[in-house]
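Understanding the architecture of this molecule
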Amino acid sequence: MPRSAALSEPAAGRAADRAGHRAPASRVWLRHPPLALGALITVALAAIALLSLVWTPVSPARMQIAFRLQAPLARGLLGTDQFGRDVLSMLMAGAWNSLSIAASAVAIGTAIGTLAGVAGAARRGLIEAALMRGCDVLFAVPPILSAMMLDAFLGPGRRGAIVAIAVFMVPVFARVTGSAARQIWARDYILAARGAGKGATLITIEHVLPNIANPIIVQVAIQLGLAILTEAGLSFLGLGMPPPTPTWGRMLADAQTYLGVAPWLAIVPGCAIVVTVLGFNLLGDGLRDLLDPRAGGRRGLSLPALEPPQTPDRGAP
Amino acid sequence: MTTMPLLQIDNLSVTMMPPGAAPVPILSDVSLTLDKGATLGIVGESGSGKSMLSLAIMGLLPPTARAAGTIALNGRQLLTLPESAWCRIRGRRIGMIFQEPMTALNPAMRIGDQIAEGIIWHRGVARAVARRAAIDLLDQVRIPDAKRRAASYPHEMSGGQRQRVGIAIALALQPDLMIADEPTTALDVTVQAEILDILDELVRERGMALIIISHDLGVIARAAHRTIVMYAGTGMEAGPTVALLRDPRHPYTTGLLAAMPRRRPGVGSGPGSRLATIPGTVPGFADMPAGCRFAGRCARQTGACREATPAWRLFGSDGGRGVRCLHAQLDAAEPDRPEPDRVMPL
Amino acid sequence: MTAAPLLEIRGMTHDYAGRAGFGRGPALRALDNVSLSIDAGTIFGLVGESGCGKSTLARLVMALDRPSAGTVRFDGEDLFALSAAALKRKRRAFQMVFQDPFGSLDPRQTVERIVAEPLHVLETRPSRDEQRERVAAMLDSVGLHRDAATLYPHQFSGGQRQRIAIARALITEPRLVVADEAVSALDLSVQAQVLNLLLDLRETRGVTFLFISHNLGAVDCIADRIGVMYRGRLVESGPAHAVFEHPHHPYTRLLLEAEPDIARIGPPPHRSQPQTRSLSPPAVGVPSPACAFAPRCPLVTDRCRIERPELRTLVPGRDVACHHAETMRAAFSRPTQPDAEFVP
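Only a predicted model underlies this, so the values are computations on that prediction, with no experimental measurement involved.

Conventions and cut-offs
- Residues numbered from 1 in each chain as written.
- Chains lettered and ligands numbered in written order.
- Predicted model: local features only at pLDDT ≥ 70, side-chain atom pairs only at ≥ 80, totals over all residues.
- Heavy atoms only, no water.
- Helix = DSSP H or I, 4+ residues; strand = E, 2+ residues; numbered from the N terminus.
- Buried < 20%, exposed > 50% of the residue type's maximum accessible area, 1.4 Å probe, protein only.
- Contact = heavy atoms within 4.5 Å.
- Areas by Shrake-Rupley, 256 points an atom, 1.4 Å probe, with all protein chains shown as cover.
- Phe/Tyr/Trp six-rings, centres within 6.5 Å; stacked < 30°, edge-to-face > 60°.
- Pairing = 2+ DSSP bridges.
- Axes fitted to C-alpha atoms, helices over the stretch in contact; angles between N-to-C directions.
- Right-handed = clockwise from strand over helix to strand, strands pointing away.

1. Description of the overall build of chain A
- When helices and strands are tallied, chain A shows 12 helices and 0 strands.
- Reading the secondary structure of chain A in the N-to-C direction produces α-α-α-α-α-α-α-α-α-α-α-α.
- Considering chain A as a whole, with its 317 residues, one finds that 51% of them fall into the buried category.
- Restricting the contact set of chain A to residue pairs at least 6 apart, pairs at least 24 apart contribute 71%.
- On chain A, roughly 13900 Å² of surface is accessible, and the fraction owed to carbon and sulfur atoms is 70%.

2. A closer look at the packing of aromatic side chains
- Following the criterion strictly, the structure yields 7 aromatic pairs over all chains and no others.
- Ring centres of Tyr230 of chain C and Phe293 of chain C lie 5.2 Å apart, and the angle between their planes is 85°; this geometry places the pair in the edge-to-face category. Residue Tyr230 of chain C is located in strand S9 (residues 225-230), and its partner Phe293 of chain C is located in the loop between helix H9 (250-258) and helix H10 (302-306); the two are separated by 63 residues in the primary sequence.
- In this structure Phe293 of chain C comes out as buried when scored by relative accessible area, which is 2%.
- Residues Tyr251 of chain C and Phe293 of chain C carry aromatic rings whose centres are separated by 5.3 Å and whose planes lie at 70° to one another, so their mutual orientation is edge-to-face. Taken as a pair, Tyr251 of chain C in helix H9 and Phe293 of chain C in the loop between H9 and H10 lie far apart in primary sequence, 42 residues in all.
- On the accessibility criterion, Tyr251 of chain C (0% relative accessible area) is buried.
- Among the aromatic residues, those joined into a cluster by ring pairs are Tyr231, Tyr252 and Phe294 of chain B.

3. Observations regarding the sheet that holds strand S4 (residues 65-73) of chain B
Residues and elements named next belong to chain B.
- Taking strand neighbours across the sheet as the criterion, the 4 strands line up as S2-S1-S4-S5 in an open arrangement whose pairing is antiparallel. Of all strands in the sheet, those with a lone pairing partner are strand S2 (24-34) and strand S5 (76-77), marking the two edges.
- Direction of pairing for strand S1 (residues 7-16) relative to S4: antiparallel, over a ladder of 8 bridges. The residue bridging Met16 from the neighbouring strand is Ala65, located in S4.

4. Topic: unusual backbone geometry
- Even without being glycine, Glu182 of chain B reaches a positive phi, approximately 45°.
- Note that Glu182 of chain B resides in the loop between strand S7 (177-181) and helix H8 (189-206).
- One non-glycine residue, Asp75 of chain C, lies in positive phi territory at about 55°.
- Residue placement: Asp75 of chain C occurs in the loop between strand S4 (69-74) and strand S5 (77-78).
- Exposure remark for Asp75 of chain C: the relative accessible area of 39% places this residue in the partly exposed category.

5. Here we look at the sheet that holds S5 of chain C
Residue and element names in this part refer to chain C.
- A sheet is described by the order of its strands in space; here 4 strands give the open sequence S2-S1-S4-S5, paired in antiparallel fashion. Across the chains shown, the open sheet's two edge strands, defined by having one partner strand only, are strand S2 (28-38) and S5.
- With 7 bridges joining them, strand S1 (residues 7-16) and S2 adopt antiparallel strand pairing. Note on S2: the bridge partner recorded for Ile9 is Leu36.
- Set on the sheet, helix H1 (residues 54-61) makes contact with S1, S2 and S4; between it and S1 the angle comes to about 120°.

6. Considering the pairing of strand S8 (residues 208-213) of chain C
All names here are of chain C.
- Buried residues dominate S8, accounting for 6 of its 6 residues.
- Residues Thr208, Leu210 and Ile212 point to one face of S8 and Phe209, Phe211 and Ser213 to the other, with burial holding for every one of them.
- Note that strand S3 (residues 43-47) and S8 share 5 bridges and pair parallel. Looking across to S8, one finds that Val47 is bridged to Ser213.
- Bridging between strand S7 (residues 176-180) and S8 involves 5 bridges; their strand directions are parallel. The residue of S8 that forms the bridge with Leu176 is Thr208.
- Running through helix H6 (residues 188-205), the crossover from S7 to the neighbouring parallel element S8 is right-handed.

Structure representation (structure tokens):
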């Protein structure tokens, strides 16, 4: 059924419910340049990270003291560091480390947080209160502190960094999904499902999760950016992945000493972090606009609140 | 004798110009006049454009909208005014009452101060004077114990009381014209009756003009001297409320009256009795049929209805009625026509 | 065999806990000792203003909440005495239609999934083909095209969505359908279509309806019997036309007078100084010995302030909860439709 242009928008409040039926993909990119840019950066980074697993210009661990602190283009595209390692290669390998840690942490955080959020919304009362207070406690622990404790506990490495960041992500997702799920639980179609004898678990799977997918997706993109930053912060402090594994945070930390003679050592990983975080944030904001027309208002013309909730007929069967 | 009407709208059209999409006409060729001290009812279903009409009068059209035609308030053209001039007219000349007063009230401010604020802003009087005026206004909208209630916050009041405060705020600047958009839709019937009483009294005692927009024919019958029936963005029929309801000439008006579920003394609701209906649904603005917009749902349509939009034809003894239908009879109304039977026993 | 009512509600009381966030919130009494019964094949109209407890009653009848006290007997069985599994099986016999045709359909599901949802209660789930066929037949009978099954709710207008909701309520062939403000959000021309549909379904399928609405006109058009609720209590019940033409409770009369009607053009002539009785917001739900309507009642006497009137049978079929019901019966025996006009 062709939807006749934008005017068939019903009241804006309903609009969030109607995702999933959109303009053709090609037009989406044109109408949302930030989304396109964010997606481009994200895909490019993921490609570079994956590429680093099989190929880098030079092995990122190979030291050539003879060629130490070479400026960009003098040796290699981005120069060398104080041990003569190729900065571009380290950057590529670091991309894999940063992205994989961030993605794993966000995946764990999303899974546990979403579960806690929807469970709390489904079982109101004591369980919800306990879950939410638990989240408050987690929120109060700074990720650096928990990373230091986990480092001591699990030993330094990928696992400690992932867990430390994930711990920090769980309450974020629990909150976002919890409040979104509570709104869905207040809808009449949930009552209808209960009237059809469906239990809380089934209702959560069939009605709640599909309807809160949008805010979760948006949050994932935004939190990925935050996770990259946190990971960089951790390795800057010497927590997380142990040397000689290259990470962006440690590249920054090591560059401090040579800031005067080799500023590119700091600029390059710094730019990498900025571009990555920017990419994820653009992606997140773009998705929010795309999935929730209320925030963007870019989906053509809408007629919010001009008429009561009824919509003019849009030609039905 | 020509006295200038307070509000005169001629051939108003509003078209939405969404960027990168085809223009969508919302209102086309709407004309109406409103005198001082009179109440005009605008009745229509959703998608009739009645709210867009009120926004146009208030100068609150969305930026993508283009208006053509004229809106004159006391003879002054409004559509061509710059925004700064609009701000002076809104509030001082035109007041607005909303459907859900809670959205129009500041939840963190005492209601007395909210009313006083507008008075200070527009009239430049001292705070103490404005406060006293606010209490007077609360009294006029029949809030008991106004002095004490002025110190309440909006959430401490019932829906009906909040609507009274909304009226008081609109009244504070002594506007010539008040626009009430579905002012009682969110209220219970007993509270609705009280709000309508208050509006009545204000029109009568202050000589203010009132436009009341509603989907409820009963409210219109209760409150409006004159009524315009809107459908799909244009006026279908207009006239004195009594004449319009007792002797409708447009098939849409007739259909609406027949479809209204009403109490029917003495009529059984036994098996078989059904309400009259209008088949189909209101067309969307983007796919308006050519010719008469009601043609697709009309029992009296002929080929001619599809060819061109019927003209707005005036009739009645003093030209007081208008109708947009090729088939409408324009002869004088029969004086004591009995109320048409609204039940269709099958 | 005596014809037992299909639905019998006895002494239903329901309290909502006070707002926990602010502590010590007193319980809110949403329903107070409500009893009513509905015969099979009839339409029972329940009217009242917002907050009178009519929606709470609907949820209890649907066994979506448990009442604080009282019983709901459906077809002779006490719903709240049933096991969870038995209640689930029983649900096929009673379904609900909601007010908001936009909020009551899951925007992420196709019409087929929405309409088929209550089939979940059946012991043996129908096959996919069977389900498709049943949904298509159901859509047919509510006046929608069967191709609608593959579409999403946003592709329909309000009236069509309400038809989808009605199709969902009817797919298990229930004996009782609770319609909570089912036509209130619809445009006038569409409202009549849906009301007629309900009447058709009563005739062709013998469905019993509990039709809840604040619109007296709509109730009068379709209900056989009505109940009037005020602040959690049933204050009057009886045959629809009899109650509307000769109300025996002052509140019913107030409602009837306040309801705007196109037959009454212009302001009511008898009230030069409109009442301000309802102005102070009532302290909701606090149990008190007085008649809840006393502060607004024109007939109020001292007795009303100390003794709450219980629902009693005035004449067979007419129940009223008012000390002055006899006065009302005698004094206002004329129809409540003063045909007043004004000259513009």
